[in-house]
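These are the residues of each chain, in order.
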Amino acid sequence: MGLVTGADGTLAADEASLRATARDGGPADDAEPGVDPVLRTFLRAGVLVNLPAQRGRRRVLLAHIAEQSFEPGTRYPERAVDDALKPWCAAGGSDHATLRRYLIDEQLLTREHGIYQRL
């Protein structure tokens, strides 16, 4: 990307390139246009790499997971919910029980008598 130059084993920042990159908003990435920055930050290839500490960001991520994993109005037993959430956790960014709990806490899923539902 031309931000760092090197010769004879030494590296140096190309200050002009760094300034231009900062001014233009950073290096272009290959993410899909229009994808929420929270999703780009915390998901890689559809897998959760980390769970945001900030509640607003965490809610954006959880809403995406709920929308991708569960159909509105469909009733799911706990085992089906766990099976739907486990692939999101393949990178070790969280575990399915934590995701399930946050989805309930944020009212993205409801739970009654061991049956879950996305509203």
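Relevant structure appears above.
Chains are numbered independently. Their residues run from 1 in the order of the written sequence. The predicted origin of the model limits local features to residues at a pLDDT of at least 70 and limits the giving and counting of side-chain atom pairs to 80 or more, whereas totals for whole chains, interfaces and linings rest on all residues. Heavy atoms from the whole structure form the basis of all side-chain values; hydrogens and water molecules are not counted.

Points about unusual backbone geometry
Of note in this structure, Gln 107 is not a glycine but carries a positive phi near 60°. By definition, any uninterrupted DSSP run of H or I lasting at least four residues is a helix, any uninterrupted run of E lasting at least two residues is a strand, and each is numbered from the N terminus. Within the element layout of this structure, Gln 107 appears in the loop between helix 5 (96-105) and strand 6 (110-112). Exposure classes here rest on a 1.4 Å probe applied to the protein chains alone. A residue is buried below 20% of its type maximum, exposed above 50%, and partly exposed in between. Residue Gln 107 is classed as exposed on the basis of its relative accessible area, which comes to 64%. One non-glycine residue, His 113, lies in positive phi territory at about 55°. Relative to the assigned elements, His 113 resides in the loop between strand 6 and strand 7 (115-117).

Things to note about the nonpolar core
One finds Leu 61, Phe 70, Val 81, Leu 85, Leu 99, Leu 103 and Leu 109 to be the most contacted residues of the largest nonpolar core, which totals 22 residues. Counting only elements with at least two residues in this core, the list comes to helix 2 (37-42), helix 3 (55-69), helix 4 (78-85) and helix 5. With four residues, the top contributor of residues to this core is helix 3. When neighbours within four sequence positions are excluded, Leu 61 is seen to be in contact with Val 38, Leu 39, Phe 42, Leu 43, Leu 48, Asn 50, Leu 51 and Pro 52. Here, nonpolar core refers to any group of buried Ala, Val, Leu, Ile, Met, Phe, Trp, Tyr and Cys residues whose side-chain atoms link them within 4.5 Å. The contact rule is simple, with two residues in contact once any of their heavy atoms fall within 4.5 Å.

Some details on the pairing of strand 2 (residues 10-13)
In this analysis, strands are considered paired if DSSP registers two or more bridges between them. Taken together, the four bridges between strand 1 (residues 4-7) and strand 2 define a ladder with antiparallel strand orientation. Of the residues in strand 2, the one forming a bridge with Ala 7 is Thr 10. Where strand 1 hands over to strand 2, the hairpin turn is made up of two residues, of which Asp 8 adopts a positive phi near 55°.

Focus on the pattern of salt bridges
Any Lys or Arg side-chain nitrogen found within 4 Å of a carboxyl oxygen on Asp or Glu counts as a salt bridge. Considering all chains together, one arrives at four salt bridges under this definition. Close ionic contact of Glu 106 with Arg 59 constitutes a salt bridge, the shortest N to O distance being 3.7 Å. Of this pair, Glu 106 sits in the loop between helix 5 and strand 6 while Arg 59 sits in helix 3, and the two are 47 residues apart along the sequence. Since its relative accessible area comes to 9%, Glu 106 is described here as buried. In this structure Arg 59 comes out as partly exposed when scored by relative accessible area, which is 34%. In this structure, Arg 100 engages Glu 78 in a salt bridge whose closest nitrogen and oxygen atoms are separated by 3.8 Å.

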